[in-house]
Structure formats: C-alpha cells, structure tokens
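Observations on the model geometry
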Amino acid sequence: NAAKGLSDRLDEADKLPPERLPDLVTDITNQLDQLTLSLTEKHALRARLGTLQDQLKARAKAAAGARRGEVERDAKIIAQGLEGSGDPVAVATIDAGDDRQALQAALKVMTDTLPRKGIMLMSVHEQGDKPGVAIIAASPKELIGRGLKAGDWVREAAGILGGKGGGRPEQAQGGGPDTTKVRDAVKGAKTWAMKVLSV
C-alpha cells in the first residue's frame, strides 16, 4: 500500500505546477528512506524519482540560461548608456538574483563595452532563506595603477551592506545581507572609487 501510494503521487507529478515539483521530490525521497518496502519496489520508485529529478535539473538549467541571456541584454543597455560618460567608474544594479554566473556574464559584457572603466554591479536577491545583495567588480590595469583595486572596492561596498568580499586587484566578488542599503552601497562605492582615483 505504501509503495502504491508513492507510485500514485509520482503519477500525479505531470499534473503539478513546476514550482511544486521540488517539494514533491524531497517529500517522496524522505518517505522512501523511512518506509519499509521490498527492494524491488524501492528500486523501481527510486528509478522513477531519478527521472523526475533529471527533468527538474534540465528545467532549472534552461531557466538559468534564459535568465543569463536577459541579464546580459540588460548589461549591454546599461553599458551603452554609460559610453558617453567621462567618469572613470560605473556602479550599477542589475537583476541577476543570486546567480553568480549571470552576474559574471553581465560584468563581462560591461567590461567588453567599457574596457577603460572600473565596473561594479550589484544584484539583490530576496528569495530563499538568506536574502541579500551580490557584488562583483572589475578594474582595468590603468585604474589599478592609480589605486583602484577591485578587491578593496568590493570590500568597501560590501561593508555598507553588512557583509564582506574581496579578490584580485583586477576582479573581485562579495556581498551583504542588508537589502535596504543598496542605494547607499551604490553611492558609497562610487564616491570611494572616485576619491581613490583623485588622489
């Protein structure tokens, strides 16, 4: 009966909305670990569960790829808007959630378009247990020579958000938990960078 109940729930998976599938997979996995079933039944149910998990992974990968494309397009628009600016640095927010790869892709678009500027991007993520702000920055050789190291720059911005960060002089990452201070962090990061470069 227990095996039949789990099998019926797996049959219903196709009818469930996508956002409810991860919970279903977790629940059935836990039940499989706890229930006493024959090895044959357990093996058959685990095989079906594996197929469902593969579908979830494929769906998540496709969604991440689509999001990355959107983030890259947004970065291109931001970069094009800053091409005429005489400022040596650009600090902006971008909607990449907590996807570090998307943020990295956005930074590449920005640095390719604006190779002589120091670039910092911040992305707010509200979902999940730990909301926060992800930060990534890059500094070209010329600006590193003038004192703008990406690691120090990220540390400065992350501190405003109650977090930390660091990395190499040419590129660094970080973040902080205080999503209410994003505007302050953007302003503070730009002010700090301009101050370093004016010395």
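Below is a summary of the structure that appears in this document. Note that the structure is a prediction, hence the values are computed from the model and not measured. (Residues numbered from 1 in each chain as written. Predicted model: local features only at pLDDT ≥ 70, side-chain atom pairs only at ≥ 80, totals over all residues. Heavy atoms only, no water.)

A look at the pairing of strand β2 (residues 118-125)
Heads up, the rule is: For every residue, the accessible area obtained with a 1.4 Å probe (protein chains only) is divided by the maximum for its type, and the residue is called buried under 20%, exposed over 50%, and partly exposed between those limits. Going along the chain from the N terminus, every DSSP run of H or I of four or more residues is numbered as a helix, and every run of E of two or more is numbered as a strand. Two strands qualify as a pair provided DSSP detects at least 2 bridges between them. Orient the strands so they point away from the viewer; a crossover is then right-handed if the path from the first strand over the helix to the second runs clockwise.
For β2, the buried fraction is high: seven of the eight residues fall into the buried class. As defined by bridge partners, strand β1 (residues 89-93) adjoins β2 across five bridges and the pair is classed as parallel. Note that in β2 the partner of Thr93 across the bridge is Met122. Note on the crossover from β1 through helix α4 (residues 100-113) to β2: the handedness is right-handed. As paired strands, β2 and strand β3 (residues 132-138) are joined by seven bridges and run antiparallel to one another.

Section: the nonpolar core
The line we're drawing: For this analysis, a nonpolar core means a set of buried residues of the types Ala, Val, Leu, Ile, Met, Phe, Trp, Tyr and Cys, connected via side-chain atoms within 4.5 Å. Should any heavy atoms of two residues lie within 4.5 Å, those residues are considered in contact.
One finds Met120, Met122, Ile135, Leu148, Trp153 and Ala189 to be the most contacted residues of the largest nonpolar core, which totals 21 residues. Those elements giving two or more residues to this core turn out to be β1, β2, β3, α6 (150-160) and α7 (182-198). Contact partners of Leu148, with chain neighbours within four places excluded, come to Val89, Gly118, Ser139, Leu143, Trp153, Pro169, Trp192, Ala193, Val196 and Leu197. Counting residues in each nonpolar core, the second largest holds 19 residues, with Ile94, Ala96, Leu114 and Leu121 among its members.

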